[in-house]
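The lines below spell out each chain.
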Amino acid sequence: MKESIGYRIFKFFLYILMAVISAVCLVPFLHTLAKALNDGNDTMRGGITIFPRAFTWQNFQTLLADTSLYRAALVSVAIVITVVVTHIAIQFMSAYVLSNEDLPGRRKIMLFTIIPTFITGGTIPTYILFANLGLLNNFMVYWLPGLYSFYNVMILRSYIESSVPMALREAAKLDGAGEIRTMIQIVFPLCKPVLATVALWLAVGAWNNWSTTLMYITDPDLFNLQYKLMEVIKESERLQQLLQQSQMTGEVVNEQVKSTPESLQCAQVIITTLPIVMVYPFLQKYFVKGVTIGAVK
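A. Broad picture of the overall build of the protein chain. Summing up its helical and strand segments, the protein chain has 13 helices and zero strands in all. Within the protein chain, the fraction of its 297 residues that count as buried is 35%. The long-range fraction of contacts in the protein chain, counting pairs at least 24 apart against all pairs at least 6 apart in sequence, stands at 72%. Only carbon and sulfur atoms are counted for the fraction: they give 67% of the accessible area of the protein chain, which is about 17900 Å².

Right, here's the structure in full:
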């Protein structure tokens with residue numbers, strides 16, 4: 001079918017719009033990468049675009065010099081895997097149950113679960129609760145408190161209701177399948193798009209979480225990667241102050257202090273973003289469909 005002139009003009013401007021949006025998303029990342037690969041003292045002069053002016057690996061070497069950083073990375077990976085597996089399991093089962101219109105007290109259950117989403121006790125009561133539950137300095141504090149998410153459950157429930165016909169579930173029951181078998185063998189495989197979407201949300205949230213470590217963890221063996229990188233940046237700020245003092249007194253400057261907090265922050269962004277960027281292409285084909293269909297209702 002031959003395209004009309006109006007449609008060609010529309011496609012032309014659509015391509016331009018997509019190119020502008022892509023540039024808006026890509027340029028900040030390239031700018032951050034350029035600063036991460038640029039000498040810290042040179043970066044302080046300003047004028048860095050998307051290419052490093054004084055190329056160096058010093059910023060990454062400073063971050064990766066701490067051997068405890070690798071253990072923190074393993075902790076973060078363990079947190080992500082545990083969060084994705086446990087949260088998906090609980091939230092999918094909850095969504096499956098709530099998708100049954102014949103469930104007694106369905107609306108009351110939804111109302112009861114939505115209240116904690118908007119009303120919380122605050123930081124201090126939460127800390128006291130976690131202390132009484134024995135969650136301080138406990139790996140469970142990373143995944144147990146957020147095990148149930150009303151928002152994710154509603155996304156999953158809406159997807160099940162809109163994409164899995166009730167007749168299919170009833171047919172499975174007529175063939176002798178129970179609720180658990182129907183959920184695992186019939187409904188679960190049909191929900192891959194929305195499950196991949198929710199899994200990506202959970203993984204990104206767990207990977208970027210450092211506040212939990214700050215408030216509830218004092219054991220160095222349980223520090224995650226984000227918190228350790230924050231400690232490195234704080235140490236860099238202290239070393240930067242020593243650098244300024246040494247310049248005033250004329251003392252010899254150690255090479256390690258030539259990485260500024262700004263350059264280290266950029267290197268940290270690259271290190272922490274890279275795993276998510278590598279995983280996203282494998283889930284992207286499910287992402288749009290999962291969000292769109294799951295949010296129709």
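B. Focus on the packing of aromatic side chains. Inspection of every chain in the model, using the stated rule, returns ten aromatic pairs. Judged by centre distance (6.0 Å) and plane angle (40 degrees), the rings of Tyr-151 and Trp-201 are tilted. One end of the pair, Tyr-151, is in helix 7 (residues 150-163); the other, Trp-201, is in helix 10 (residues 192-208), with 50 residues separating them in the sequence. Relative accessible area serves as the criterion here: at 28%, Trp-201 is assigned to the partly exposed category.

C. Quick look at the nonpolar core. Ile-160 and Cys-191 are the most contacted members of the largest nonpolar core, which totals 55 residues. The biggest single contributor to this core is helix 4 (residues 68-98), with eleven residues. Apart from the residues within four sequence positions on either side, Cys-191 is in contact with Phe-92, Tyr-159, Ile-160 and Val-164.

D. Main features of a nonpolar patch on the surface. Together, Ile-5, Ile-9, Phe-12, Phe-13, Ile-16, Val-20 and Val-24 line one region of the surface with nonpolar side chains, adding up to about 710 Å² of accessible area. Note on Val-20: relative accessible area 46%, which makes it partly exposed.

E. Broad picture of unusual backbone geometry. Notably, Asn-137 is not glycine yet its phi reads approximately 55 degrees, a positive angle. Residue Asn-137 is classed as partly exposed on the basis of its relative accessible area, which comes to 35%.

F. Region of interest: the packing of helix 4 against helix 10. It is the contact of helix 4 with helix 10, at a shortest axis distance of 9 Å, that shows an interaxial angle of 140 degrees. On the basis of the axis angle, helix 4 is oblique to helix 10. Both helix 4 and helix 10 take part in a crossing whose hand is right-handed. Listed contacts from helix 10 to Ser-76, Val-77, Ile-79, Val-80, Val-83, Val-84, His-87, Ile-88, Gln-91 and Phe-92 of helix 4 are Leu-195, Val-198, Ala-199, Leu-202, Ala-203, Ala-206 and Trp-207. When its residues are assigned to classes, the contact of helix 4 with helix 10 shows 14 nonpolar, three polar and no charged.

G. Layout of the pattern of salt bridges. Across all of its chains, the model carries six salt bridges by this definition. Asp-42 is the salt-bridge partner of Arg-45, the closest N and O atoms lying 2.5 Å from each other. Looking at Arg-45, the relative accessible area reads 63%, which means it is exposed. With a shortest N-O distance of 2.5 Å, Glu-161 and Arg-106 are connected by a salt bridge. With Glu-161 in helix 7 and Arg-106 in helix 5 (residues 106-118), the pair connects residues that are 55 residues apart, well separated along the chain. Look at Arg-106 and you get buried, because its relative accessible area is 16%. Overlapping salt bridges, with partners in common, bring together Asp-42, Arg-45 and Arg-53 in one network.

H. Broad picture of the confidence of the model for the protein chain. Across the protein chain, the average pLDDT comes to 82, with 86% of residues at 70 or higher. Mean pLDDT across the secondary structure elements of the protein chain bottoms out at helix 12 (residues 225-249), with 71, and peaks at helix 4, with 92.

I. Spatial organisation of the packing of helix 7 against helix 10. Interaxial distance between helix 7 and helix 10 falls to 10 Å at its minimum, and their mutual angle equals 170 degrees. Considering their axes alone, helix 7 and helix 10 lie roughly antiparallel with respect to each other. Considering only the axes of helix 7 and helix 10, their crossing is right-handed. Seen from helix 7, the contacting residues are Tyr-151, Asn-152, Ile-155, Leu-156 and Tyr-159; seen from helix 10, they are Pro-193, Val-194, Leu-195, Val-198, Trp-201 and Leu-202. Taken together, the residues of the contact of helix 7 with helix 10 sort by class into ten nonpolar, one polar and no charged.

Rules used in this analysis
- What you see as residue numbers is a count from 1 along each chain, following the sequence as written.
- Owing to the predicted nature of the model, reporting of local features is limited to residues with pLDDT of at least 70; listing and counting of side-chain atom pairs is limited to 80 or more, with chain, interface and lining totals taken over all residues.
- By convention in this description, side-chain values take in all heavy atoms of the structure and omit both hydrogens and water.
- Helix and strand assignments follow DSSP, with helices taken as H or I runs no shorter than four residues and strands as E runs no shorter than two, numbered in order from the N terminus.
- The classification of residues rests on relative accessible area computed with a 1.4 Å probe and restricted to protein chains. Under 20% of the type maximum is buried, over 50% is exposed, and intermediate values are partly exposed.
- Residue contacts are counted whenever heavy atoms from the two residues lie within 4.5 Å of one another.
- Where accessible areas are quoted, they stem from the Shrake-Rupley method and a 1.4 Å probe; at the residue level, only the protein chains shown are allowed to cover.
- Here the aromatic set is Phe, Tyr and Trp, taking the six-membered ring for Trp, and pairing holds for ring centres within 6.5 Å; pairs whose planes are under 30 degrees apart are stacked, those over 60 apart are edge-to-face, and all others are tilted.
- Take the buried Ala, Val, Leu, Ile, Met, Phe, Trp, Tyr and Cys residues and link them wherever side-chain atoms come within 4.5 Å; each set so joined is a nonpolar core.
- Patch membership is restricted to residues that have no salt bridge and whose relative accessible area is over 30%. Joining uses 9 Å for like charges and 5 Å for the nonpolar side chains Val, Leu, Ile, Met, Phe, Trp and Tyr.
- Salt bridges are defined by distance alone: a side-chain nitrogen of Lys or Arg within 4 Å of a carboxyl oxygen of Asp or Glu.
- In this description, a line fitted to the C-alpha atoms serves as the axis of each element, helices being fitted only across the stretch in contact, and the angle between N-to-C directions of two axes falls anywhere from 0 to 180 degrees.
- When an angle is under 35 degrees it counts as roughly parallel; over 145 it counts as roughly antiparallel; between 65 and 115 it counts as roughly perpendicular; any other value is oblique.
- Two helices crossing with the near one rotated counterclockwise from the far one by less than a right angle form a left-handed crossing, whereas a clockwise rotation gives a right-handed crossing.
- Residues are grouped as follows: Ala, Val, Leu, Ile, Met, Phe, Trp, Tyr, Cys and Pro are nonpolar; Asp, Glu, Lys and Arg are charged; every other residue, Gly included, is polar.
- Each residue carries a pLDDT score, the predictor's confidence in it, ranging from 0 to 100.

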